[in-house]
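Geometric and topological summary
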Amino acid sequence: MVQVVRLTYLSSAIAMGPLDLCALCSLSDRPIRTNWRAPPQAERNSDQQDSQEGLVEVLGLVVRPLGQVTFPLTRSERSRGSNPRPALRDTQGLRCRLGPAARTSSGRASESRVGGAVGEWAMPPDPLPDFGSDQLPGESFHRACATVREMGPVVEVPFHGGSALFLTRSEDVVGAFRDNERFPAGAHYEIVIEPVQGRTFESMDGDEHNLYRQLAQPAFRSRAIERFDAGGLAAVANEVVDAFIGRGRADLMAEFCAVFPFRVLRRKLGLPPASDESLRRWSFDLLGFMRDPEAAWTARDEFDEHLGPVIGERRRQPTDDVLSAMLHHEVDGRRLDDEEVVAHIRMFFAAGAATTYHALGNLLYVLLTREPVLVAAFDDPQRRPAIIEELLRWEPPLGALPRIATRDAEWQGTGIPAGSLLLFGIAAANRDPTVHDHPDEFDPDRDPVGLISFGSGPHFCPGSHLARRELLTGLDVLLERLPGLRLDDPIGIEPVSTTLRAPEAVHAAWNPA
């Protein structure tokens, strides 16, 4: 009987809390191919030794080491009482170092470390914040990133009670993003969200990634997208504002940012009506798979029940919407099947709309805490695109993205063992002083160079142009509809977390008509 083991991990760019591995192991549908070495005997409590003997931790899943990683039970198999099946592919011998690390009173990890054949990564001389679990509001996050950046190209930092290797310099982050051999994006996403989201180009690499990215192209560039963006974006933004404008004050994080991008995506794709709360909940529950797998599976089931009828209808009788285009788009004689289309739609909400939600919150944080920027945005609409570009550099919605080293590697003279967890510091790279003058200043007039807020390399975000349009449209409508817009209460206004960063609340007021 597998005992409950507690662990923490970062799920697809969201800082998560304790994870019930038994629940996750019983709920996942796909094989997991990355091995995690078991904790050293000295790190186990005496009452844990017997119950954990013979188990292997697999990035949040517990399986028995049978030479190959086993499939956790699917839902149908659990109902039939079946045993786990052997995986069809091996684990490539990967290890992961994310786990409870023994620490000295100074905060340094005291466990023995493998530095590879080249050299050991840097360790901080003083305690650093935990980049997985600490809130790190506002500039405290960026100061911590600057401290790490000054230490070297690869620095071991606290992460959810364990550790990760943090890359913070622009040259290193861009180079690592583009190195899909040593640090493939798919290996991470295959573990933290694919079991519930489904197989998409997000968790693929190489030729498979390129093919599926082309098959999903209608969601990013198509006549239907262009028609909607020409007038539909502003119409949705105005519709959202109509719901609260008469009150003269609102938490814009909850009433605008948490509604606008999800409603836009639903209509853009041509999906049936659903409540704003449901769309938002489904998206974030899918992202929270590693933290609460049962909630993630419930979200998937409800999402599928909502989409099922329209998928069959558009397959039989296509219209001119994006969903129909995805169902019938063909590349080299290949089309997405129904489940693949649904999996990509889940991804668009979890990875796309959720990220825009955070970016909108950060935009409001900048405007409402820097009066000259707000005045410039009100007075000169032509400056608004530059304000958005500087926002994406200065406070991007994705502060850092996790990756997994799939093979022993060397980076800037530092050995990185296979299976190491890395953090690609997007926000830190965007403030690298070797690329940006006075990087901590918010300056919309600077040249927009070196921006990596949408990633780089094969997994560069294909929806970056759509995100920019939504941010600009949201800004235009809010400034036009809310005269005298100002901060009403500063509580919660500073962005928090390391991966998906945004304010917890944006309490604003304006002059009602």
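See above for the structure.
Figured I'd write up the structure that's included with this text. Everything numeric here is computed off the predicted structure, so don't read it as measured data.

Topic: the pattern of salt bridges
Any two side chains of opposite charge can pair, given that their charged atoms come close. Counted according to the given criterion, the structure contains 34 salt bridges. With a closest N to O distance of 3.4 Å, Glu313 and Arg314 form a salt bridge. Take Arg314: its relative accessible area is 11%, and that puts it in the buried class. Between Asp440 and Arg431 there is a salt bridge whose closest N-O contact spans 3.1 Å. Classification of Asp440 by relative accessible area gives partly exposed; the value is 49%. Shared partners join several salt bridges into a network, and the residues in it are Glu226, Asp229, Lys268, Arg469 and Glu470.

A closer look at the packing of helix H9 (residues 223–242) against helix H11 (residues 260–269)
Any two packed helices are characterised by how steeply their axes cross, that is the angle between the axes, and by the distance between the axes. H11 packs onto H9 with a crossing angle of 140 degrees between their chain directions and a minimal axis gap of 10 Å. The angle between the axes of H9 and H11 places the two elements in the oblique class. H11 is crossed by H9, and the crossing has right-handed handedness. Together, Ile225, Phe228, Asp229, Leu233, Val236, Ala237, Glu239 and Val240 of H9 and Phe260, Arg263, Val264, Arg267 and Lys268 of H11 make up the contact between the two elements.

Some details on the packing of helix H12 (residues 276–287) against helix H13 (residues 293–316)
Following both chains from N to C, one finds H12 and H13 inclined at 135 degrees, their axes separated by 8 Å at the closest point. Considered as vectors, H12 and H13 are oriented oblique to each other. As H12 runs across H13, the sense of the crossing is left-handed. Contacts between H12 and H13 involve Arg281, Trp282, Asp285 and Leu286 from the former and Ala295, Ala296, Ala299, Arg300, Glu302, Phe303 and His306 from the latter. Looking at the contact of H12 with H13, its residues break down into 6 nonpolar, 1 polar and 4 charged.

Brief notes about the packing of aromatic side chains
Counted by the stated rule, this structure contains 14 aromatic pairs. Seen in terms of ring centroids, Phe183 and Trp411 are 5.7 Å apart; in terms of plane orientation they differ by 70 degrees. Their pairing is edge-to-face. Residue Phe183 is located in the loop between helix H5 (170–178) and helix H6 (185–192), and its partner Trp411 is located in strand S9 (residues 409–411); the two are separated by 228 residues in the primary sequence. Each member of the pair, Phe183 as well as Trp411, is classed as buried. Geometrically, the ring pair formed by Phe244 and Trp510 is edge-to-face, given 5.8 Å between the ring centres and 65 degrees between the ring planes. Of this pair, Phe244 sits in the loop between H9 and strand S7 (249–251) while Trp510 sits in the segment after strand S13 (507–509), placing them 266 residues apart in sequence. For the pair shown, Phe244 and Trp510 are each scored as buried.

Points about the pairing of strand S8 (residues 401–404)
Looking along a regular strand, one sees the side chains alternate between the two faces of the sheet. Of the two faces of S8, the one lined by Leu401 and Arg403 and the one lined by Pro402 and Ile404 are each fully buried. Bridging between S8 and strand S11 (residues 421–424) involves 4 bridges; their strand directions are antiparallel. Within S11, the residue paired with Leu401 across the bridge is Phe424.

Here's the deal with the sheet that holds strand S6 (residues 162–167)
The strands making up a sheet are joined through hydrogen bonds of the backbone, oriented either antiparallel or parallel. Spatially, 4 strands are ordered S5-S6-S11-S8 in an open sheet, and the strand pairing comes out mixed. With one partner strand each, in any of the chains shown, strand S5 (155–159) and S8 form the two edges of the open sheet. On average, each strand axis in the sheet is tilted by 40 degrees relative to the strand beside it, whichever way the strands run. Note: S6 against S11, 3 bridges, orientation parallel. For Leu167, the partnering residue across the bridge sits in S11 and is Phe424.

Overview of the nonpolar core
In terms of nonpolar packing, the biggest core is built from 134 residues, with Phe131, Leu252, Phe256, Ile345, Phe348 and Phe349 touching the most fellow members. The greatest single-element share of this core, amounting to 18 residues, is contributed by helix H15 (residues 338–369). Once residues within four sequence positions are removed from consideration, Phe131 is found in contact with Leu136, Phe141, Ala144, Cys145, Val148, Val157, Pro158, Phe159, Phe166, Leu423 and Thr498.

Some points on unusual backbone geometry
Of note, Gln412 is a non-glycine position whose phi angle comes to about 50 degrees, a positive value. In this structure, Gln412 sits in the loop between S9 and strand S10 (414–416). Look at Gln412 and you get partly exposed, because its relative accessible area is 46%. The backbone of Ser497 shows a phi angle near 90 degrees, a positive value even though the residue is not glycine. Counting through the fold element by element, Ser497 comes out in the loop between strand S12 (486–489) and S13.

Some points on the sheet that holds S13
Taken in spatial order, the 3 strands make up an open sheet running S7-S13-S12, and their pairing is antiparallel. Looking along the sheet, the strands with just one partner apiece sit at the ends: S7 and S12. Going from strand to strand, the sheet's axes swing by 35 degrees on average, the running direction of each strand aside. Bridge analysis of S12 against S13 gives 3 bridges, and the strand direction is antiparallel.

Each value, and the rule that gives it
- Residues numbered from 1 in each chain as written.
- Predicted model: local features only at pLDDT ≥ 70, side-chain atom pairs only at ≥ 80, totals over all residues.
- Heavy atoms only, no water.
- Salt bridge = Lys/Arg side-chain N within 4 Å of Asp/Glu carboxyl O.
- Buried < 20%, exposed > 50% of the residue type's maximum accessible area, 1.4 Å probe, protein only.
- Axes fitted to C-alpha atoms, helices over the stretch in contact; angles between N-to-C directions.
- Helix = DSSP H or I, 4+ residues; strand = E, 2+ residues; numbered from the N terminus.
- Parallel < 35°, antiparallel > 145°, perpendicular 65-115°, else oblique.
- Left-handed = near helix turned anticlockwise from the far one by under 90°.
- Contact = heavy atoms within 4.5 Å.
- Nonpolar A, V, L, I, M, F, W, Y, C, P; charged D, E, K, R; others polar.
- Phe/Tyr/Trp six-rings, centres within 6.5 Å; stacked < 30°, edge-to-face > 60°.
- Pairing = 2+ DSSP bridges.
- Core = buried A, V, L, I, M, F, W, Y, C linked by side-chain atoms within 4.5 Å.

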